[in-house]
Amino acid sequence: MALQLISSSDSDSDSDLEVLGLLSDSESDDSNNNGPRPRPRRIKRINFMHNLNDTDFTFRFRLNKPAVELLLTEIMPFVRVTSMRNNGVPPLHQLLLTLRFYALGTMLISVADFIGVSKSSAGRIVRDISVAIARLYDKYVVMHQQGADKFYSIAQFPRVLGAIDCTHIRIQSPCLTIGEEFRNRKNYFSLNVQAVCDADLRLMNVVARWPGSTHDATIFNNSVLRAQCDSGAFGNRWLLGDSAYPNRNYLLTPILSPVSDHEQRYNYAQIKTRNTIERTFGVWKRRFPVIALTLRLSLRTVQAVIIATAVLHNICRSYNLAEVSPEVELPPTDIADINEGPQNAGLHDIRQRTDLVNNYFRN
């Protein structure tokens, strides 16, 4: 048959003859072997749910077994399930690989070896699972008004809706074109992420799309949250922010130069109550060191990882999971510059950065 194909194609080159010889040799070898061809060896993956006790499992993956089982059930509609041919990775191992990446925050090759896949496969799995978890944002990250009493118990500050602030998530320079827009005042590349928390350290709102050089007030002024506050969606409740934000009838900031006792007591209560957002950032980053270290992923994947870890943070708070110490050394916490006021975020700056970010992510 092979000879007929070659003669019909009028090809008598040396390369074709060599290929024909190899095929003939392989066919003769197969005919001499009466036994069946050996099947490819399948990788036997470790059953971490069975082999690890609850303490070790939670330490490695940051969630306990019931939370992982629930999370797997919820993301299954969004997970691309492949066949078991060619050593395909089951959805559970895809989820555990991603959680392990969040817990270590190191190179992808480390978690790839942990599950037994290639580095490129680990990158695709982290991207796909992060996007799937981020789809649960509307279910687990919700603005609510049930925390006023708990906020009041901290320092007797009434009618508090939540505490708001921004934190920098380190990234590598995204590209030469607009890379410098992501360099923050601390001189490293980052996304400036806005978040609101309640008194139980749960995240109620997360915005992860602005370059590190963007001012906190600029992010808030261009957020959906500001439009909701302007429309009176939260009634007479207050957000508490630092001096980087403008003082409004729904957003209270500290008095920069308090004189009277009333002003000093106000500042004490405001700062102590607002400190919940700083504690939330600390718990969030210690549980998932990937957002405390430098993320070396594409911008869209970085955004998905940030939102996904926010969802997982709230799941951990719902399960009352104890804080897990990080396995890696984290960089020192960034201290907000309280002297940087909202006057630095001018109208030109707002329009320029808004157009830049919208055009970049639209493309």
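Shown above is the structure to which this text applies.
This report concerns the structure included in the present document. All values reported here derive from a predicted model rather than from experimental measurement.

In the structure shown here, the tally under the stated rule is eight salt bridges. The closest approach of N and O atoms between K139 and E74, which form a salt bridge, is 2.3 Å. Placement of K139 in helix 9 (residues 137-140) and of E74 in helix 5 (residues 65-75) is noted, with a sequence separation of 65 residues between them. Classification of E74 as buried rests on a relative accessible area of 13%. Here D200 makes a salt bridge to K150, at a shortest N to O gap of 2.8 Å. You can see D200 sitting in the loop between strand 2 (190-197) and strand 3 (203-211) and its partner K150 sitting in helix 10 (residues 148-155), a full 50 residues away along the chain. Relative accessible area serves as the criterion here: at 25%, D200 is assigned to the partly exposed category. One network of salt bridges, in which partners are shared, links K150, D200 and R202.

Note on placement: Q94 falls in helix 6 (residues 91-104). Given a relative accessible area of 7%, Q94 falls into the buried group.

Helical periodicity: at 3.6 residues per turn, an α-helix aligns residues three or four positions apart in one direction. Turning to helix 5, its buried residues number three or more, namely K65, A67, V68, L71, L72, E74 and I75. Contacts made by the buried residues of helix 5 are with helix 3 (48-51), helix 4 (54-61), helix 6, helix 8 (119-134), helix 9 and helix 14 (299-318). Its side-chain oxygen 2.9 Å from the backbone nitrogen of A67, N64 forms the N-cap of helix 5.

Rules and cut-offs
- Residues numbered from 1 in each chain as written.
- Predicted model: local features only at pLDDT ≥ 70, side-chain atom pairs only at ≥ 80, totals over all residues.
- Heavy atoms only, no water.
- Salt bridge = Lys/Arg side-chain N within 4 Å of Asp/Glu carboxyl O.
- Helix = DSSP H or I, 4+ residues; strand = E, 2+ residues; numbered from the N terminus.
- Buried < 20%, exposed > 50% of the residue type's maximum accessible area, 1.4 Å probe, protein only.
- Contact = heavy atoms within 4.5 Å.
- Polar contact = N/O pair within 3.5 Å; in protein donor to acceptor, adjacent residues only side chain to side chain.

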